[in-house]
Amino acid sequence: MQATALTVGLLALVTSLATGLGALPLLFARRLSRRWVGLANALAAGLMIAASVGLLYEGAIHGIWTTVLGLVAGVLFVRLSSGLLGDHEGMQWGELKGADARKALLLLGIMTVHSVTEGVGLGVSFGGGEALGVLITVVLALHNIPEGLAISLAMVPRGASVKRAAFWSVFSSLPQPLLAIPAFLAVESFGRLLGAGLGFAAGAMFWMSARELVPEALEDAPRGEVAGVLVVSVVAMLLVQALVQP
């Protein structure tokens, strides 16, 4: 059966909703000590670094140089966004205040931008047939759960509710259903931009991890524990990506 724009949009919505599942583990650990917040930062950083590696690998398939340019643009985007957010004194976002609010907002922005490339990739995949598109949908839905966990780890240990973290996790993935349909209807045009988009998302996520999450983790938790959580999370996420890769 030939895929339609409505089918693509509904399946992309499923992948977006799956992101909210990443908040569920935090139902059992809402309030954490600073040490555990540090380890949560290390876990989130590891998930994002591994996701960045996967994005760069996928991007290289679509064009190495466009992916590299996207990578550089992604790093510059995070640095510029961080500067625009400015001093965190007096900043408040829901239950989060100060540096916690700034970090959560920055991470949410990065993950939302990342979802743009995922939405385009999903729509383009349906251009290769409905079977391929459905397979990519399942892979993307599974991939979105740890991304939702990364967002939740930046919010719940700092005072946000699990419900709020789940909402914003799903919100960060809304570009997927919004862009999957136009990408499906204009596969060739969107396909040319996919490499740069994947590189952009990888650069943004990697820089956020290296510049924000890992240094904060080292301030709150022992160096050895941070390194251990970081390595385990990177390896685990890479294994998950390898297992679900079509």
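Residues numbered from 1 in each chain as written. Predicted model: local features only at pLDDT ≥ 70, side-chain atom pairs only at ≥ 80, totals over all residues. Heavy atoms only, no water.

Participant: So what exactly am I meant to see when it comes to the side chain of Ser 209 here?
Facilitator: With respect to the helices, strands and loops of the structure, Ser 209 is situated in helix α8 (residues 187–220). Residues contacting Ser 209, with those up to four places away along its chain left out, are Ala 45, Met 48, Ile 49, Val 214 and Pro 215. (Helix = DSSP H or I, 4+ residues; strand = E, 2+ residues; numbered from the N terminus. Contact = heavy atoms within 4.5 Å.)

Participant: Sorry, what's going on with helix α4 (residues 98–125) here?
Facilitator: An α-helix turns once per 3.6 residues; consequently, residues spaced three or four apart project the same way. With 28 residues, α4 should reach 40 Å at 1.5 Å per residue; the first-to-last C-alpha distance of 41 Å fits that figure. Of all 28 residues making up α4, 21 are buried, and the element is well covered by its neighbours. (Expected span 1.5 Å × (residues − 1). Buried < 20%, exposed > 50% of the residue type's maximum accessible area, 1.4 Å probe, protein only.)

Participant: In this structure, what is going on with the nonpolar core? I would like to understand it.
Facilitator: Generally speaking, a soluble globular protein has its nonpolar side chains buried in company with each other. Met 48, Ile 110, Met 111, Met 155, Met 205 and Met 208 are the most contacted members of the largest nonpolar core, which totals 46 residues. Put simply, the parts of the chain that give this core at least two residues each are α2 (34–62), α4, α5 (130–155), α6 (162–172), α8 and α9 (223–244). Apart from the residues within four sequence positions on either side, Met 48 is in contact with Leu 107, Met 111, Ala 150, Met 205, Met 208, Ser 209 and Leu 213. With nine residues, the next largest nonpolar core counts Val 8, Ala 12, Leu 122 and Leu 140 among its residues. (Core = buried A, V, L, I, M, F, W, Y, C linked by side-chain atoms within 4.5 Å.)

Participant: Quick question: what am I supposed to make of the packing of aromatic side chains here?
Facilitator: Centre-to-centre distance and the angle between the planes together describe a pair of aromatic rings. On inspection of all chains with the given rule, the structure shows two aromatic pairs. For the pair Phe 167 and Trp 168, a centre-to-centre distance of 5.1 Å together with 80 degrees between the ring planes defines the contact as edge-to-face. In this structure an aromatic cluster arises from ring pairing among Phe 167, Trp 168 and Phe 171. (Phe/Tyr/Trp six-rings, centres within 6.5 Å; stacked < 30°, edge-to-face > 60°.)

Participant: It is not clear to me how the pattern of salt bridges should be interpreted in this structure. Could you clarify?
Facilitator: When the charged atoms of two side chains lie near each other, side chains of opposite charge can form a pair. If you walk through the whole model with that rule in mind, you get one salt bridge. The salt bridge involving Glu 225 is made with Arg 35; its shortest N-O contact spans 3.0 Å. On the criterion of sequence distance, the pair formed by Glu 225 in helix α9 and Arg 35 in helix α2 is long-range, its members being 190 residues apart. Take Arg 35: its relative accessible area is 34%, and that puts it in the partly exposed class. (Salt bridge = Lys/Arg side-chain N within 4 Å of Asp/Glu carboxyl O.)

Participant: I would appreciate a short explanation of the environment of Ser 172 in the present structure.
Facilitator: Mapped onto the elements, Ser 172 comes out in helix α6. Assessed through its relative accessible area of 2%, Ser 172 is described here as buried. Residues Ser 172 and Glu 147, spaced 25 residues apart in sequence, show a C-alpha to C-alpha distance of 9.6 Å. Residues within four places of Ser 172 in sequence aside, it is in contact with Thr 19, Leu 108, Met 111, Thr 112, Ser 115 and Ile 151. A polar contact of 2.6 Å, which involves the side chain of Ser 172, links it to the backbone oxygen of Ser 169. (Polar contact = N/O pair within 3.5 Å; in protein donor to acceptor, adjacent residues only side chain to side chain.)

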